[in-house]
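Tertiary structure, described
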Amino acid sequence: MTVRPRDDVALMDGYHSPQLEVAVRLNTNEAPEPPPDEFVDQYIAAIHSISWNRYPDRSAIALRSALGDLHGYSADQIFVANGSNEVIQTLLLAFGGAGRTVGVWEPTYALHSHIARLTGTRVAEGERSIDFEIKIDEVERVLYEQKPSIIFLCTPNNPTGLADKPESIQAVIDLAVRNNALLVVDEAYGQFADHTALDLVSEDLPLVVTRTFSKTWSMAAARLGYLVGPKWVVEELNKVVLPYHLDSLKQLAGLIAVRFVDEMEARVSRLVDDRERLVSRLQTLPVTVWPSQANFVLFRPETADGAFVWRELVERSVLVRNCSSWPRLAGCLRVTIGTPDENDLFLTALEEILA
Ligand SMILES: *Cc1c(COP(=O)(O)O)cnc(C)c1O
């Protein structure tokens, strides 16, 4: 018997984000604080209203309306799924797939190209500048030479932390229009940044913006993400997503979560303050630090090998993301902003290692 997966799947590596038992976990950009107790109380009370014998509301209309209200769009301009990764997968199923190409500019979020490959979409890799900025002539080159049907920007970008400038995003939108490509702006860290592409979404542009509850909303456990985009995109996504993909519990969790937008914004602004404190202490050390608009910071030790520093941090029970062997990121580590205590434990450990 010879049962084989698809040839391309057989050759693939799975997606890995190694976890270790440590005291200070600063490796996956999770929020250090949970959502408010009041959210949990309201959620538990609301669970009694679920009709367990029935399928969930397939159109998730209450949740989509609430998210639309949050951003000033209508429910039919919102698509919700199990994490923004499923949003991305659904986009690729509808606008990518066999015979089609996706454009990404590296270094960027690895899952854009990984999920593209899973859906049989060819990946055209462009480059960012040496400072990790998007270069318009390079975007134009990839669009012209590779003819992608879908292109990704990630802003603020994971793993660099840099946000693309508003004028760069506008220039990429113009190029997407001229080249019949759908531009996906991944704003998983959007609320940490000082600008957003959300306001640019309109029925006349091939632009969607994705957001997630995993980071800013402190709800990684819920697996909930969404996009804001033109109705004509959302309609195509609804065709390819599995029926009843969003369970009733999750729809309720999202609906109740958005009642606590002020608390979310307060947590975000505390993290931004803590990020600036962490960055200024990093700047006193022999490391290169990139300016971040997210809840993590990319840095490169200049007097010691990145992988060595990562291991020494683990020895001190501090886990950060080891990017040191990733293409274009030689020697780099990425640290998530944790609680002030966690950040201090990280900084003290790093100071000790680099002393
Ligand atoms: C964390 C992250 C996501 C979130 O994915 P979910 O599936 O919503 O948890 C999406 N995009 C980027 C760039 C991320 O870093």
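The preceding data block contains the structure.
Note that the structure is predicted; figures quoted are calculated from it, not measured.

1. As for the overall build of the protein
For the protein, the count of helices and strands is twelve helices and twelve strands. With respect to the principal axes defined by its C-alpha atoms, the protein has extents near 60 × 55 × 55 Å. Of the contacts made within the protein by residues no fewer than 6 positions apart, 72% connect residues no fewer than 24 positions apart. Here the protein has roughly 16100 Å² of accessible surface; of this, 52% comes from carbon and sulfur atoms. Averaging the coordinates of the 33 positive side-chain charges in the protein and doing the same for the 49 negative ones gives two points 6 Å apart.

2. As for the packing of aromatic side chains
In this description, a pair of aromatic rings is defined by centroid distance and the angle of the planes. A full pass over the atoms with the stated rule returns eight aromatic pairs. Taken together, a centroid distance of 5.4 Å and an interplanar angle of 50° make the contact between Phe132 and Trp290 tilted. One end of the pair, Phe132, is in the loop between β4 (122-127) and α6 (136-146); the other, Trp290, is in the loop between β9 (287-289) and β10 (296-301), and 158 residues separate them in sequence. The buried category is assigned to Trp290, whose relative accessible area is 12%.

3. With respect to the pattern of salt bridges
Within this structure, the stated rule accounts for 18 salt bridges. Between Arg6 and Asp8 there is a salt bridge, with the nearest N and O atoms lying 2.9 Å from each other. Residue class for Arg6 comes out partly exposed when judged on its relative accessible area of 42%. Between Asp274 and Arg277 there is a salt bridge, and its shortest N-O distance comes to 2.2 Å. Of this pair, Asp274 and Arg277 both sit in helix α10 (residues 261-282), three residues apart, which is roughly one turn of that helix. Among the residues examined, Asp274 registers a relative accessible area of 9% and is labelled buried. It is possible to trace a salt-bridge network through shared partners that takes in Glu125, Glu127 and Arg328.

4. Description of the side chain of Arg64
Considering the arrangement of structural elements, one finds Arg64 in helix α3 (residues 61-71). Among buried charged residues, Arg64 stands out as having no salt bridge; its nearest opposite-charge side chain is Asp76, 6.1 Å away. Beyond its immediate chain neighbours, meaning those up to four positions away, Arg64 contacts Ser59, Ala75, Asp76, Ile78, Val80 and Val234.

What counts, and where the lines are drawn
- Residues numbered from 1 in each chain as written.
- Predicted model: local features only at pLDDT ≥ 70, side-chain atom pairs only at ≥ 80, totals over all residues.
- Heavy atoms only, no water.
- Helix = DSSP H or I, 4+ residues; strand = E, 2+ residues; numbered from the N terminus.
- Contact = heavy atoms within 4.5 Å.
- Areas by Shrake-Rupley, 256 points an atom, 1.4 Å probe, with all protein chains shown as cover.
- Lys, Arg positive; Asp, Glu negative; His and termini not counted.
- Charge placed at Lys NZ, Arg CZ, Asp CG, Glu CD.
- Phe/Tyr/Trp six-rings, centres within 6.5 Å; stacked < 30°, edge-to-face > 60°.
- Buried < 20%, exposed > 50% of the residue type's maximum accessible area, 1.4 Å probe, protein only.
- Salt bridge = Lys/Arg side-chain N within 4 Å of Asp/Glu carboxyl O.

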